[in-house]
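Examining the three-dimensional arrangement
Residue strings, one per chain:
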Amino acid sequence: VSPGATGASTGVAAGKAVRTLNVANGLTSRRIALICFNLRRFTLVAKQNPTAAVELQSQVLEIIDDLAAGAKGVVDSFHGDRAVISFNACKMSTMAGSAAASVALAITAKLKKEVGDNQFYQGCTIGAALGECTVGNMGTSTSKRFCTVGPVYQQASTLERLCKQHRVSTLVSMGAALEHQMFLRHVDV
């Protein structure tokens, strides 16, 4: 179950807030935004210096997690050099596209500022997209996960991969950019 599964309630145990996750299966339609993140040339770093790769990945993921949480986003998954961040999927928020665009730009800027001097940091690529998806808990009694089903992941992933071709670090879908209401350079993809 993902840390931000819907239907969570808060209780108190031993003086600390405890979060109870909704583990029931069920899907609902929702307008969400997703960010697909890639840490460039991470595989090469991991081969050359595994210790440096672990430290770099930890620094990067902490920055991503902090920025996402500040905009009511959730790091849905990460695997080595890749991460997926959702907005308005498992944690309700308004203006998901604007939040995703803001966080995508903030990730790039903060990584450049805070880890840009690290000899192993080779930049990142980010794709962000907004659209309708079906979201909710899916799986079995022993393997359950909060999932997003729909075209948004594919769009964000494709935009992330196109960054290299267009020589930019971040590409945002038109829907997310329009909701963001900030000037972004238009690129035909």
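In what follows, the structure referred to is the one given above.
This section reports on the structure supplied with the text. (Residues numbered from 1 in each chain as written. Predicted model: local features only at pLDDT ≥ 70, side-chain atom pairs only at ≥ 80, totals over all residues. Heavy atoms only, no water.)

Our focus in this paragraph is the overall build of the chain. Secondary structure assignment for the chain yields five helices and eight strands. Seen in sequence order, the chain has helices and strands lined up from the N terminus as β-β-β-α-α-β-β-α-β-β-α-β-α. Long-range contacts, defined here as pairs at least 24 residues apart, represent 64% of the contacts in the chain between residues at least 6 apart. Here the chain has roughly 10400 Å² of accessible surface; of this, 54% comes from carbon and sulfur atoms. (Helix = DSSP H or I, 4+ residues; strand = E, 2+ residues; numbered from the N terminus. Contact = heavy atoms within 4.5 Å. Areas by Shrake-Rupley, 256 points an atom, 1.4 Å probe, with all protein chains shown as cover.)

With that settled, consider the side chain of Ser86. Topologically, Ser86 is positioned in strand 5 (residues 82-87). A polar side-chain atom of Ser86 sits 2.9 Å from a polar atom in the side chain of Asp76. With near-sequence residues (within four places) excluded, Ser86 lies in contact with Ala33, Leu34, Lys72, Gly73, Val74 and Asp76. (Polar contact = N/O pair within 3.5 Å; in protein donor to acceptor, adjacent residues only side chain to side chain.)

Here the focus is the packing of helix 2 (residues 50-70) against helix 3 (residues 96-115). Helix 3 packs onto helix 2 with a crossing angle of 140° between their chain directions and a minimal axis gap of 10 Å. Of the possible angle classes, the one that applies to helix 2 and helix 3 is oblique. The handedness of the crossing between helix 2 and helix 3 comes out as right-handed. Between helix 2 and helix 3, the contacting residues are Leu56, Gln59, Val60, Ile63, Ile64, Leu67 and Ala68 on the first element and Val103, Ala106, Ile107, Lys110, Leu111, Glu114 and Val115 on the second. (Axes fitted to C-alpha atoms, helices over the stretch in contact; angles between N-to-C directions. Parallel < 35°, antiparallel > 145°, perpendicular 65-115°, else oblique. Left-handed = near helix turned anticlockwise from the far one by under 90°.)

Let us now look at the pairing of strand 5. Of all six residues that make up strand 5, five are buried, and the element is covered over most of its length. Bridge analysis of strand 3 (residues 26-39) against strand 5 gives six bridges, and the strand direction is antiparallel. Of the residues in strand 5, the one forming a bridge with Ile35 is Ile85. In terms of strand pairing, strand 4 (residues 73-79) meets strand 5 through six bridges, oriented antiparallel. Among the inter-strand pairings, Gly73 is bridged to a residue of strand 5, identified as Phe87. Linking strand 4 back to strand 5 in an antiparallel pair, the connection comprises two residues, with Gly80 at a positive phi of about 60°. (Buried < 20%, exposed > 50% of the residue type's maximum accessible area, 1.4 Å probe, protein only. Pairing = 2+ DSSP bridges.)

A separate point is the side chain of Asp76. In this fold, Asp76 is placed in strand 4. Of the side chains with opposite charge, Arg145 comes closest to the buried, unpaired Asp76, at an N-O distance of 5.5 Å. (Lys, Arg positive; Asp, Glu negative; His and termini not counted. Salt bridge = Lys/Arg side-chain N within 4 Å of Asp/Glu carboxyl O.)

Further remarks concern the environment of Ala99. One can find Ala99 in helix 3. Separated by 31 residues in sequence, Ala99 and Ala68 have C-alpha atoms that sit 8.5 Å apart. Not counting residues up to four positions away in its chain, the partners in contact with Ala99 are Ala71 and Phe87.

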